[in-house]
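Overview (structure and organization)
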Amino acid sequence: MTQHSDSPARGHSIAALAAALGGRAEGDTGLTIHRAAEPAAAGPDDLALAMDPKYAAGLALGHARAAMLWEGADWQALGLAAAIFVPRPRLAMSGLTRTLDPGPALAPGIHPAAVIDPSASIGIGAAIGPFVVIGPGAVIGPRARIASHVSIAEGARIGADALILQGARIGARVVIGDRFICHPNAVIGADGFSFVTPEKSGVEEIRQTLGEREQIRAQAWIRIHSLGTVEIGDDVEIGANAAIDRGTIRATSIGAGTKLDNLVHVGHNVQVGRDCLLCGQVGIAGSARIGDRVVLAGQCGVSDNIFVGDDVIAGGATKIFTNAPAGRVLLGSPALKMENHVEAWKNIRRLGRLFAQVAELKEAVTRLGQKD
Amino acid sequence: MTQHSDSPARGHSIAALAAALGGRAEGDTGLTIHRAAEPAAAGPDDLALAMDPKYAAGLALGHARAAMLWEGADWQALGLAAAIFVPRPRLAMSGLTRTLDPGPALAPGIHPAAVIDPSASIGIGAAIGPFVVIGPGAVIGPRARIASHVSIAEGARIGADALILQGARIGARVVIGDRFICHPNAVIGADGFSFVTPEKSGVEEIRQTLGEREQIRAQAWIRIHSLGTVEIGDDVEIGANAAIDRGTIRATSIGAGTKLDNLVHVGHNVQVGRDCLLCGQVGIAGSARIGDRVVLAGQCGVSDNIFVGDDVIAGGATKIFTNAPAGRVLLGSPALKMENHVEAWKNIRRLGRLFAQVAELKEAVTRLGQKD
Amino acid sequence: MTQHSDSPARGHSIAALAAALGGRAEGDTGLTIHRAAEPAAAGPDDLALAMDPKYAAGLALGHARAAMLWEGADWQALGLAAAIFVPRPRLAMSGLTRTLDPGPALAPGIHPAAVIDPSASIGIGAAIGPFVVIGPGAVIGPRARIASHVSIAEGARIGADALILQGARIGARVVIGDRFICHPNAVIGADGFSFVTPEKSGVEEIRQTLGEREQIRAQAWIRIHSLGTVEIGDDVEIGANAAIDRGTIRATSIGAGTKLDNLVHVGHNVQVGRDCLLCGQVGIAGSARIGDRVVLAGQCGVSDNIFVGDDVIAGGATKIFTNAPAGRVLLGSPALKMENHVEAWKNIRRLGRLFAQVAELKEAVTRLGQKD
């Protein structure tokens, strides 16, 4: 297996890299690296990533001449010619990977096999790939990179520096801020899932009665169309095959700085705040409101019409059925405060013993009763 | 945030709208509105939607001259010039949004950059976008609207008035009824997920032994091809990035009037009845049968080969592992009757106290025993 | 509903079919069938599939002249002219369906509306559909079948005999083995979901404190780019709308023989072993490692950075938060050993009775105490 990044080679000196990452360089700082690599797989042109002492053994196996190291490491003893030290290694990974990322190969200009409506407006410096379709009145900001097979429907407005990847679908009149990143085959602005029956439906009934149903009626579902759009702030990233539905009247909205992972579902009218992380396969049902800086781990679910406060963090597969106050840490299905969830499952695991104890007690009490 | 629908302006008189919605108009019924809006965001050309007294404050903030109001509202006191009253507001939303929805911008006729096999048959009045591919022998009914990048494979047959949106994939020989709506990047008719090992596999073994495994064998999975198709009734809607697999021999089928939300997965051979709602990210494993009018909320799961009866309603993230009788209301993972689920979690939450009580009892009994 | 496969008619003699399936033919073995069908729906040209006595009634309803039958069946008494008997019917289904599958209609050669970079290398015998895009330096093995709208980015390398279906996205520098099958709209090689805050984030904090949070800081997420690729072994199949992210430095990898169902999510850096089955909507969070021959049923989840041993089998919707040793059978959320999960829910269901018993005991003990 390849243990280093396969990005094409571009040279960076250790000195320049360290400066770019806000760290310090030691040793032969003029040494040039072309790629980053795991320690054991690093070659002489790679920067080995060894920001923890546990990677020392890996360094010995590999052939790196330079490494980004944990604070206090003795690069000379590790057999290196140069080293970079950074205050917060995980943060340095951001700068390093950005520097080394070649980005997608997209030729500048508009590919002749793109179909762009004459009334659309494309900002300067755009790169638009083959088989892209841009509809009437759409407005795309400067320096957009739009890969093959993307469709951007009528009246959509997208800010500067967008990167929209293969097969992504941007719906009509959707509004998106600057520095938008959209991964392949994501769908933004499909119609909401909203239906009504002529008479009160079974779902409406059990919501009122908490499970009781008087009479089941055969009824067809009638569509409520989605007239609203989707509004997305600056610096938002949307994962592959994710789906964000338009609102019924007002817009579904995603706040600035929020990131959605692959296969995330955001229903109609949902309001997601700023700087949230919605991890893989998270689902937010219609009209829910999510605060700022909320982190929902993979496969979390949020019921319709509820409110999740600022700074809530939910672990994997947490299912949130009721309002969650700001700052709460949640786990489980149904979601409980983290400590209550842990306690609940500790208790459940001990139930066998409890049943046995109660049976013994019963016997003991019976014996005591008989003694009298 | 935009608080009104962004659909292009088309005028509708209050009188005409009220009539179309089966309601009554009051005041200046000749007044023309162009869009629907939330009360606080409504402008003078919008119809404010205020079908509940709680929206009265919003009306005061907005600039609506006309509103759809709750029964008994005093439109004049609310400062309006005209009002619409309807018997079932949620139902009226259907007619209103249908009236105001401009629909996708699709030029009539077949775009020159579509690739349509000469043996395919396209009904009259079709609008087919750029980069659409329609295979040999496919039959598309009249008035179809097929957006860019859609593929419809060989021998597929689709009824009248279809709306198939960007990048949707319709597989070979799939059969679909009238008034079909398919959202972007949905996949109908991929192969089923069906594999077999030369000898009995671990999965087959633990199904029989409920968890016991004699001997673990290394084996490769051999593919069972899907010869069946997918059959979809009239008035079905499929969400963005949803996936419906073809059957092995018989067809996977979706009954008339059933709606699937985004990212729903329907496995091979599954039979879904009429007028069901499968909400976002629901998954139905292979060969399961779902009755009529079943509602599965977001992230529900149904195990393979089981049966879910007519009119079953399951709350969000309910995981159904065993047959569910008709009319049952289910919650939880594993799915329980709603009242049992509520009771189970009430009990679990009280376990800490129960453990304490049993400990106290034990002490008391010990003391009593010592007294004798 | 159609109860037989709709594949175009190609004749196969009963004798030839039985030989191909490693079974034996009886009766008029020269009889020719064109399709497979369920017993009740079979016509005179179909092979009825009745490998269990419960299908005898179906055979009586249908019009099959030939059937694949359960061992010991009396084909003459069932009114058939010919029969096939096989040692392992489910395995025979593999050979039978492969024989009868017509495969997708893809014209040989490269469609004129495909855009293939001159530096890409396409193996001999390829069939490449309309609107396919293949980037600079990509290498596609011999006999590839690539359906419409597929994109294969710069530097990707795909082995022999690939079948890549409509709208699938293969990212830059992804490496894939032989006999790859990729279903429509799957995305392989999107960027990983990896972000960092300038200071320690709330997520990092609660992981260390198990839920305690000192101070909530407003911070923006900074992107860690994905420099790694995806590496996929031979004989891998990927479902519709699935998504596999590239690694940060090393490659995300999928071992040979592993199959992924629809809407599966595989995060960055994940290592999946050989011959695994990841069923519909399974999600594997970043940097998790999955052993060989692991079977995760639909909607399972695996947390980031954990290890799931060889031969683990997890039932539907199992959520695996901690390392799982080899061979374990898991159920539930949180995942427990199957027998513990079953026991836990048996106990939970009996809690109402336990609470009542404890209340009675308390009363009895109080009475006993008062007696003294």
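Residues numbered from 1 in each chain as written. Chains lettered and ligands numbered in written order. Predicted model: local features only at pLDDT ≥ 70, side-chain atom pairs only at ≥ 80, totals over all residues. Heavy atoms only, no water.

1. A closer look at the overall build of chain A
For chain A, the helix and strand inventory stands at six helices and 40 strands. Radius of gyration (C-alpha) of chain A: 28 Å, far over the 21 Å computed for a compact globule of 372 residues. With respect to the three principal axes, the spread of C-alpha positions in chain A is 90 × 70 × 35 Å. Expressed as a percentage of its 372 residues, the buried residues of chain A come to 61%. Contacts in chain A between residues far apart in sequence, at least 24 positions, make up 21% of those at least 6 positions apart. Summed over all atoms, the accessible surface of chain A reaches about 13300 Å², with 52% contributed by carbon and sulfur. (Helix = DSSP H or I, 4+ residues; strand = E, 2+ residues; numbered from the N terminus. Rg over C-alpha atoms; globule rule 2.2 N^0.38 Å. Buried < 20%, exposed > 50% of the residue type's maximum accessible area, 1.4 Å probe, protein only. Contact = heavy atoms within 4.5 Å. Areas by Shrake-Rupley, 256 points an atom, 1.4 Å probe, with all protein chains shown as cover.)

2. Looking at the interface of chain B and chain C
Between chain B and chain C, the contact holds 86 residues from the first and 78 residues from the second. Each partner contributes to the roughly 6400 Å² buried at the junction of chain B and chain C, and carbon and sulfur atoms together form 65% of this total. When residues of chain B are sorted by the area they lose upon contact with chain C, Phe 193, Leu 227 and Ile 249 of chain B head the list and together hold 12% of the total. With a closest N to O distance of 3.2 Å, Arg 250 of chain B and Glu 38 of chain C form a salt bridge. Put simply, chain B and chain C have 28 residue pairs in polar contact (both at pLDDT 80 or more) between them. Residue assignment for the side of chain B that touches chain C shows that the elements contributing at least two residues are β21 (187–190), β22 (195–196), α4 (202–209), β23 (222–223), β26 (243–245), α5 (338–349) and α6 (351–371) of chain B. In terms of residue count, the dominant contributor to the side of chain B that touches chain C is α6 of chain B (nine residues). (Buried area = accessible area lost by both parts, 1.4 Å probe. Salt bridge = Lys/Arg side-chain N within 4 Å of Asp/Glu carboxyl O. Polar contact = N/O pair within 3.5 Å; in protein donor to acceptor, adjacent residues only side chain to side chain.)

3. A few points about the pairing of strand β5 (residues 46–50) of chain A
All names here are of chain A. The buried fraction of β5 is high, at five of five residues. Here β5 shows two buried faces, one formed by Asp 46, Ala 48 and Ala 50 and the other by Leu 47 and Leu 49. In this sheet, β5 lies alongside strand β4 (residues 35–37) in parallel orientation, the contact comprising three bridges. By the bridge assignment, Arg 35 is partnered in β5 with Asp 46. Judged from the four bridges that link them, β5 and strand β6 (residues 66–69) form a sheet pairing that is parallel. Across the sheet, the residue bridging to Leu 49 is Met 68, located in β6. (Pairing = 2+ DSSP bridges.)

4. Thoughts on the relation of the copies chain B and chain C
Superposition of chain B onto chain C requires a rotation of 120° combined with a translation of 0.0 Å along the rotation axis, giving an RMSD of 0.1 Å. As the rotation angle and translation indicate, the two copies are arranged about a three-fold axis. (Least-squares fit on C-alpha atoms with pLDDT ≥ 70 in both.)

5. Observations regarding the sheet that holds strand β33 (residues 289–290) of chain B
All names here are of chain B. What the nine strands build is an open sheet, ordered β10-β13-β16-β19-β24-β27-β30-β33-β36; its pairing is parallel. Either end of the sheet is taken by a strand with one partner, and the two such strands are β10 (121–122) and β36 (307–308). Pairing of strand β13 (residues 139–140) with strand β16 (residues 157–158) involves two bridges; the strand directions are parallel. When the sheet's bridge partners are listed, Ile 140 is paired in β16 with Ile 158.

6. Things to note about the packing of helix α6 (residues 351–371) of chain A against helix α6 (residues 351–371) of chain C
As a packed pair, α6 of chain A and α6 of chain C sit with axes 10 Å apart at the nearest point and diverge in direction by 30°. Taken together, the axes of α6 of chain A and α6 of chain C lie roughly parallel to each other. Between α6 of chain A and α6 of chain C the crossing geometry is left-handed. Contacts between α6 of chain A and α6 of chain C involve Leu 351, Leu 354, Phe 355, Val 358, Leu 361, Lys 362, Val 365, Leu 368 and Gly 369 of chain A from the first element and Leu 351, Leu 354, Gln 357, Val 358, Leu 361, Ala 364, Val 365 and Leu 368 of chain C from the second. Its residues assigned to classes, the contact of α6 of chain A with α6 of chain C comprises 14 nonpolar, two polar and one charged. (Axes fitted to C-alpha atoms, helices over the stretch in contact; angles between N-to-C directions. Parallel < 35°, antiparallel > 145°, perpendicular 65-115°, else oblique. Left-handed = near helix turned anticlockwise from the far one by under 90°. Nonpolar A, V, L, I, M, F, W, Y, C, P; charged D, E, K, R; others polar.)

7. With respect to the UniProt feature "domain: Mannose-1-phosphate guanyltransferase C-terminal" (unreviewed entry) in chain A
As annotated in UniProt, the feature "domain: Mannose-1-phosphate guanyltransferase C-terminal" (unreviewed entry) corresponds to residues 111–191 of chain A in the numbering used here. For residues 111–191 of chain A, the helix share is 0%, the strand share is 35%, and the end-to-end C-alpha distance is 30 Å. (UniProt positions renumbered as here; feature names shortened; annotations may be inferred.)

8. So, the pattern of salt bridges
Tallying each qualifying case throughout the model produces 39 salt bridges over all chains. Here the salt bridges do not stand alone but share partners, grouping Arg 24, Glu 26 and Glu 71 of chain A into one network.

9. Some details on the packing of aromatic side chains
In total, this model carries six aromatic pairs over all chains according to the counting rule given. Summarising the aromatic geometry, the rings of Phe 193 of chain A and Phe 195 of chain A are spaced 5.1 Å apart at their centres and angled 80° between planes, so their arrangement reads as edge-to-face. If you follow Arg 350 of chain A out to its NZ or CZ, it ends over the ring of Phe 355 of chain B, 4.2 Å from the centre. (Phe/Tyr/Trp six-rings, centres within 6.5 Å; stacked < 30°, edge-to-face > 60°. Lys NZ or Arg CZ within 6 Å of the ring centre and 35° of its normal.)

10. A word on the pairing of strand β6 (residues 66–69) of chain C
Residue and element names in this part refer to chain C. Residues of β6 alternate between two faces, with Ala 66 and Met 68 on one and Ala 67 and Leu 69 on the opposite face, all of them buried. Between strand β5 (residues 46–50) and its parallel partner β6, the chain crosses via helix α2 (residues 56–61), and the hand of that crossover is right-handed. Here β6 runs beside strand β7 (residues 82–85); their pairing, made up of four bridges, is parallel. Bridge pairing links Ala 66 to Ala 82 in β7. (Right-handed = clockwise from strand over helix to strand, strands pointing away.)

11. Here's the deal with the interface of chain A and chain C
How big an interface is tends to be expressed through the accessible area that disappears when the partners come together. Taken together, the 78 residues of chain A in the interface contact 86 residues of chain C. Across the interface of chain A and chain C, roughly 6400 Å² is buried in total on both sides, 65% from carbon and sulfur atoms. Applying the counting criterion to the chain A and chain C interface returns two salt bridges. A salt bridge links Glu 237 of chain A to Arg 223 of chain C; the shortest N-O distance between them is 2.7 Å. Between the two partners, chain A and chain C, sit 28 residue pairs in polar contact (both at pLDDT 80 or more). Looking at the side of chain A that touches chain C, the elements with two or more residues in it are β4, α3 (89–100), β28 (259–260), β31 (277–278), α5 (338–349) and α6 of chain A. Among the elements that line the side of chain A that touches chain C, the one with the most residues is α6 of chain A, at ten residues.

12. Brief notes about α3 of chain A
The terminal C-alpha atoms of α3 of chain A lie 16 Å apart, and with twelve residues this matches the ideal 16 Å at 1.5 Å per residue to within 8%. Along α3 of chain A, the positions that sit buried rather than exposed are Ala 92, Met 93, Ser 94, Gly 95, Leu 96, Thr 97 and Leu 100 of chain A. (Expected span 1.5 Å × (residues − 1).)

13. Overview of the domain arrangement of chain A
Splitting chain A by domain gives domain 1 (12–100) and domain 2 (339–371). Summarising the inter-unit geometry, the C-alpha centres of domain 1 of chain A and domain 2 of chain A are found 57 Å apart. (Domains from an automatic or database assignment.)

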